[in-house]
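One-letter residues, chain by chain:
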Amino acid sequence: MMDLFEKCRSFQDAKTLMGAGLYPFFKPIEASQGSTVTTHGTKRVMIGSNNYLGLTHHPRVMAAAKRAIDEFGTGCTGSRFLNGNLVSHERLEESLAKFLGKEACLVFSTGFLANQGSLSCLVGRNDAILSDRENHASIIEGTRLAVGETIRFPHNDMDALDRILTEKRAQYDGVLIVADGVFSMSGEIVDLPGLVKIASKHNCKLYIDDAHSLGVLGELGRGTGAHFGLTDEVDLIMGTFSKSFASIGGFIAGDADTIHYIKHKARPFMFSAAMPPSAVATVQECLNVIHEEPQIFDNLWKNARKMKRELSGLGFDTLASQTPIIPVVIGDDVKAFSFTKALYEHGVFATPVVSPAVPAGMALIRTSYMATHTEDDLDYVAEVFKKLGKQFGLIR
Ligand SMILES: Cc1ncc(COP(=O)(O)O)c(C=O)c1O
């Protein structure tokens, strides 16, 4: 017999890193100006967020959130299913459906729950999910909850996906192909035309997680489908409000019957408290700002292109990034922790990604850029990377 908590006492990974002064996580932010944050009393350039459009600090967005508190209070204190459904939740769903070009939309309290809830209720005992190997953890959790079979296919590999379906499609009733629109660590865009072709060939439905594509890809940031002109071919679009939409919450959008079904079957939707009023108002106002100030997309892409040019030009390996997420490959995990610490000491807030999230020896710093970073912010970041890259023997 063993004490249940023995594994907690013997868990030393994080404590070892803390002891070595290399622990890079849970840094308490004392103040935030969006593209800069204050931690440990010092202002640092933030290149570790998902705040692509910088809307967390937009005056109109902040004012809308404050007004919603005056109107509805601070929380819904229950599930939308029962006592927590606000007119503003429903208005937001209508706005999002229109924005995305889908019939209907359902808003969840987080993107994690949107993936978990939608995947688990759609995929029954005789169905299967084909999931890209680099999909987000919340998709993996959704596939674990689903009673049908899950097959993970090699990352963005259309030939492999086609082979698997040719061999196995006949074994299942329904099949759902699931992939991130933009992969969150590499910044790479999914081969959506390839997925659409395969889904049609094998009579599968297609589900795209647009967490990192919304506000980034396509006209006005409508996402991966819009980017490729294939919105109608994506059966379900999932997204989150914790990135470009400057808040918290998530959604699933698609045809009216499927969304109605998810609304009445997804337990993470039905049995978790509703997204708070201030968060709903934040997202609604972000949509207004996006329509009225489309120049923010020019700023975002100008900044993203500049940093891809700068970092690759310095000689760093930035993988196949095509978006404002730009990974910088460092190598082994300890080196990545040391590099992150050095960045921090030089006034740059970034986070490392180590194994098993990436293959061993491929630890990286995930950098990401915002519409609101200034030219000075970015020049400074590039300067620091140049200095440390040489110091760590990563560039010449
Ligand atoms: C690709 C992807 N999907 C889903 C989520 C979950 O979203 P949320 O933060 O709203 O729970 C994330 C968040 O990190 C993500 O990166």
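Note: the structure precedes this text.
How each quantity is defined
Residues numbered from 1 in each chain as written. Predicted model: local features only at pLDDT ≥ 70, side-chain atom pairs only at ≥ 80, totals over all residues. Heavy atoms only, no water. Helix = DSSP H or I, 4+ residues; strand = E, 2+ residues; numbered from the N terminus. Rg over C-alpha atoms; globule rule 2.2 N^0.38 Å. Buried < 20%, exposed > 50% of the residue type's maximum accessible area, 1.4 Å probe, protein only. Areas by Shrake-Rupley, 256 points an atom, 1.4 Å probe, with all protein chains shown as cover. Lys, Arg positive; Asp, Glu negative; His and termini not counted. Charge placed at Lys NZ, Arg CZ, Asp CG, Glu CD. Pairing = 2+ DSSP bridges. Axes fitted to C-alpha atoms, helices over the stretch in contact; angles between N-to-C directions. Contact = heavy atoms within 4.5 Å. Near = heavy atom within 4 Å. Polar contact = N/O pair within 3.5 Å; in protein donor to acceptor, adjacent residues only side chain to side chain. Nonpolar A, V, L, I, M, F, W, Y, C, P; charged D, E, K, R; others polar. 1 Å grid on protein atoms, 1.4 Å probe; cavity = no way out; pocket = protein on both sides within 12 Å on 5 of 7 lines; lining within 4 Å. Points joined across faces, edges and corners; volume = space filled by probe spheres on them. Domains from an automatic or database assignment. Core = buried A, V, L, I, M, F, W, Y, C linked by side-chain atoms within 4.5 Å. Salt bridge = Lys/Arg side-chain N within 4 Å of Asp/Glu carboxyl O. Parallel < 35°, antiparallel > 145°, perpendicular 65-115°, else oblique. Left-handed = near helix turned anticlockwise from the far one by under 90°. Phe/Tyr/Trp six-rings, centres within 6.5 Å; stacked < 30°, edge-to-face > 60°. Lys NZ or Arg CZ within 6 Å of the ring centre and 35° of its normal.

S.K.: Could you give me a rundown of the overall build of the protein, with the residues and numbers involved?
M.R.: When you go through the protein residue by residue, the secondary structure sums to 16 helices and 14 strands. Taken over C-alpha atoms, the radius of gyration comes to 21 Å for the protein, in line with the 21 Å a tight globule of 396 residues would show. Overall, the C-alpha framework of the protein stretches about 55 × 55 × 55 Å when taken along its three principal axes. A total of 396 residues make up the protein; the buried ones form 55% of that total. Counting every atom, the protein has about 17700 Å² of accessible surface; 54% of that belongs to carbon and sulfur. Once the 40 positive and 45 negative side-chain charges of the protein are each reduced to a mean point, those two points are 4 Å apart.

S.K.: Can you lay out the sheet that holds strand β5 (residues 128-132) for me, pointing to particular residues and giving the numbers?
M.R.: Sheet architecture is open: seven strands sit in the order β4-β10-β9-β8-β7-β5-β6, paired in mixed fashion. In this open sheet, the two strands that pair with only one neighbour each are β4 (104-108) and β6 (149-153). Direction aside, the axes of adjacent strands within the sheet are offset by 20 degrees on average. In terms of strand pairing, strand β7 (residues 175-180) meets strand β8 (residues 205-209) through five bridges, oriented parallel. Bridge pairing in β8 links Asp180 to Asp209. Lying over the sheet, helix α5 (residues 87-100) contacts β4, β9 (236-240) and β10 (250-254), oriented at roughly 125 degrees with respect to β4. Sitting on the sheet, helix α9 (residues 192-201) touches β6, β7 and β8, and the angle it makes with β8 is about 155 degrees.

S.K.: Quick rundown of the site of the ligand? Include the residues and the values.
M.R.: With respect to spatial proximity, 14 residues lie near the ligand, and among them Gly111, Asp209, His212, Thr240 and Lys243 are the closest. Separating an oxygen atom of the ligand from a side-chain N or O atom of His212 is a distance of 2.6 Å. The biggest single contributor to the shell around the ligand is helix α6 (residues 111-122), with three residues. In terms of residue class, the shell around the ligand is made up of two nonpolar, nine polar and three charged.

S.K.: Which residues make up the layout of surface pockets, and what values do they have?
M.R.: Volume-wise, the largest pocket comes out at about 540 Å³. Arg133, Glu134, Met185, Ala357 and Val358 are, among the 21 residues lining the largest pocket, the residues nearest its centre. Of the residues that constitute the lining of the largest pocket, the class distribution is twelve nonpolar, five polar and four charged. Residues lining the lining of the largest pocket come from more than one domain, with at least three contributed by each of domain 1 (12-46 + 294-391) and domain 2 (59-292).

S.K.: Any chance you could break down the nonpolar core for me, citing the residues and the numbers?
M.R.: Counting residues in each nonpolar core, the largest one holds 62 residues, and the members touching the most others are Ile177, Leu195 and Phe251. In terms of residue count, helix α13 (residues 277-292) provides more of this core than any other element does, seven residues in total. Both of domain 1 (12-46 + 294-391) and domain 2 (59-292) provide at least three residues apiece to this core. The contacts of Leu195, once residues within four sequence positions are left out, are Phe153, Met158, Leu161, Ile177, Ala179, Val190, Leu206 and Ile208. If you look at the next biggest cluster of nonpolar residues, it comprises 29 residues, including Leu311, Ile326, Val328 and Leu388.

S.K.: Can you lay out the sheet that holds strand β14 (residues 363-368) for me, pointing to particular residues and giving the numbers?
M.R.: The sheet built from three strands is open, its strands ordered β11-β14-β13 with antiparallel pairing. Each having just a single partner strand, β11 (325-331) and β13 (351-353) make up the two edges of the open sheet. Across the sheet, the mean angle separating the axes of adjacent strands is 35 degrees when strand polarity is ignored. Against the sheet, helix α15 (residues 333-345) touches β11, β13 and β14, its axis set at about 35 degrees to β14.

S.K.: Run through the pattern of salt bridges, naming residues and quoting values.
M.R.: Under the defined criterion, the tally for this structure stands at 13 salt bridges. As a salt-bridge pair, Arg222 and Glu219 come within 3.0 Å of each other at their nearest N and O atoms. Glu219 sits in the exposed class, given a relative accessible area of 54%. Each of Lys302, Lys306, Glu310, Glu375 and Asp379 takes part in a single network of salt bridges with overlapping partners.

S.K.: Account for the side chain of Glu93, naming residues and giving values.
M.R.: Note that Glu93 resides in helix α5. Here Glu93 falls in the buried class, since its relative accessible area comes to 8%.

S.K.: Please give an account of empty space enclosed by the protein that cites residues and values.
M.R.: What the rule picks out here adds up to one cavity of 30 Å³ or more. Taken together, Arg80, Val107, Phe108, Ser109, Pro268, Phe269, Ser272, Ala273, Ala274 and Met275 make up the full set of residues lining the largest cavity. Counting residues per element, the ones that place at least two in the lining of the largest cavity are β4 and α12 (267-270).

S.K.: Quick rundown of the packing of α6 against helix α7 (residues 137-145)? Include the residues and the values.
M.R.: Between α6 and α7, whose axes approach to 8 Å, the crossing angle comes to 30 degrees. On the basis of the axis angle, α6 is roughly parallel to α7. As α6 packs across α7, the resulting crossing turns out to be right-handed. Taking contact as the criterion, the partners of Phe112, Asn115, Gln116, Leu119 and Ser120 in α6 are, on α7, Ser138, Ile139, Glu141, Gly142, Thr143 and Leu145.

S.K.: Provide a residue-level description of the packing of aromatic side chains, including the pertinent values.
M.R.: Overall, the coordinates contain ten aromatic pairs when judged by the stated rule. Ring centres 5.4 Å apart and planes at 85 degrees place the aromatic pair Tyr23 and Phe25 in the edge-to-face group. Judged by its relative accessible area of 23%, Tyr23 falls in the partly exposed class. Geometrically, the ring pair formed by Phe81 and Phe271 is edge-to-face, given 6.4 Å between the ring centres and 75 degrees between the ring planes. Of the two residues, Phe81 is situated in helix α4 (residues 80-84) and Phe271 in the loop between α12 and α13; the sequence distance between them amounts to 190 residues. With a relative accessible area of 41%, Phe81 lands in the partly exposed category. A connected cluster of aromatic rings, assembled from ring pairs, spans Phe316, Phe339, Phe385 and Phe392. Above the face of the Tyr344 ring, Lys27 is positioned so that its terminal group lies 4.3 Å from the ring centre.

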